[in-house]
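Observations on the model geometry
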Amino acid sequence: MEGTDVKIWPVPRPEIIAHRGASREAPENSLAAFQRAADLGADGVELDVYLHPDGVLRVHHDPIAEDVLSEHASPDGLRAPAPPTLDEALTLLRDAGLTAYCELKGPHTAIPTLELIRRAGGPAAVHAFDHRKIAEARGHAPEVPRGVLEVSYPIHPLQALSAVEGRDLWRQWPFVDAALVQAAHAAGCRVVAWTVNDPAVMRGFADIGVDAICTDDPALAIQVLGP
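Before going into details, it helps to say that this report is about the structure given with it. (Residues numbered from 1 in each chain as written. Predicted model: local features only at pLDDT ≥ 70, side-chain atom pairs only at ≥ 80, totals over all residues. Heavy atoms only, no water.)

**Notes on the overall build of the protein chain**
Of the regular secondary structure elements, the protein chain holds eight helices and nine strands. Within the protein chain, buried positions represent 50% of all 227 residues. Considering only contacts within the protein chain whose residues lie at least 6 apart along the sequence, 54% involve residues at least 24 apart. When the accessible surface of the protein chain is summed, it comes to about 10,300 Å², and 55% of that surface belongs to carbon and sulfur atoms. (Helix = DSSP H or I, 4+ residues; strand = E, 2+ residues; numbered from the N terminus. Buried < 20%, exposed > 50% of the residue type's maximum accessible area, 1.4 Å probe, protein only. Contact = heavy atoms within 4.5 Å. Areas by Shrake-Rupley, 256 points an atom, 1.4 Å probe, with all protein chains shown as cover.)

**Description of the packing of aromatic side chains**
Applying the stated criterion to the full structure yields two aromatic pairs. Taken together, a centroid distance of 5.6 Å and an interplanar angle of 70° make the contact between Tyr 101 and Trp 170 edge-to-face. Note that Tyr 101 is positioned in strand E4 (residues 99–104) and Trp 170 in strand E7 (residues 168–172), a separation of 69 residues in sequence. Considered together, Tyr 101 and Trp 170 belong to a single accessibility category, that of buried residues. (Phe/Tyr/Trp six-rings, centres within 6.5 Å; stacked < 30°, edge-to-face > 60°.)

**A word on the nonpolar core**
Where a protein is soluble and globular, its nonpolar side chains tend to be buried together. Counting residues in hydrophobic clusters, the biggest one holds 57 residues, and the most contacted among them are Leu 47, Leu 86 and Cys 102. Sequence-distant contacts of Cys 102, that is, excluding residues within four places in its chain, are made with Leu 47, Val 49, Leu 86, Leu 90, Thr 113, Ile 117, Ala 125, Val 126 and His 127. Counting residues in each nonpolar core, the second largest holds nine residues, with Ala 125, Leu 149, Trp 194 and Ala 212 among its members. (Core = buried A, V, L, I, M, F, W, Y, C linked by side-chain atoms within 4.5 Å.)

**Describing helix H2 (residues 86–96)**
Among all positions of H2, only Leu 86, Ala 89, Leu 90, Leu 92 and Leu 93 are buried. Seen from one end, H2 has its buried residues packed into an arc of 165°, which puts them on one side. Once H2 ends, the next one or two residues include Gly 97, with phi positive near 80°. (Arc of directions from axis to C-beta.)

**Regarding the pattern of salt bridges**
Inspection of the entire model under this criterion finds 15 salt bridges. The salt bridge partner of Arg 20 is Glu 28, with a shortest N-O separation of 2.9 Å. Residue Glu 28 is classed as partly exposed on the basis of its relative accessible area, which comes to 39%. A salt bridge links Arg 36 to Glu 25; the shortest N-O distance between them is 2.6 Å. On the criterion of sequence distance, the pair formed by Arg 36 in helix H1 (residues 31–40) and Glu 25 in the loop between strand E1 (15–19) and H1 is long-range, its members being eleven residues apart. On the accessibility criterion, Glu 25 (43% relative accessible area) is partly exposed. (Salt bridge = Lys/Arg side-chain N within 4 Å of Asp/Glu carboxyl O.)

Following this line, the structure appears as structure tokens:
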């Protein structure tokens, strides 16, 4: 952005995770959005996963009725392509060198997602609001990094993450502060702040050592924090 000062932090800058891809420049959770995030220089992509009755894992944020899955209506009434499969998304991100952060959205997503991550072979991790899914992931594929999503500041802020032996605490950005980052680092964990789209907030999180910033605008984040 014109007029934005670029500061290169003396320690590695926060990882820049494109929320549902470069979702301000291409349809969210689409292969085009993921490719755009890669082209911009993002470090990873956060995407949403559902398991459909036909056994196919697909990437989209909200449930989609099966009878319109292959060709669902877009908001302008036109027919749009089906959401990409997780296999397609993982392959694209692996080949681009980006980490795939898979949010487990629907029922029964943990084990098939982990199996597909193993087959794809690229860097990936899983996280969810439903922490039971992450506990299931721990039992099935302990080698895949795990995270929990939170929209609060609990009295014991690392309790949920510790319960699943997770690595990444995904916390909505207003509930992230220096004390949380210090506590997480002391426990060997990481803090991912979401969804951060303000340059001043990005700079502030970099200053306190937040490990990753999930943003709708990876282009802005790269300009603010450096490539």
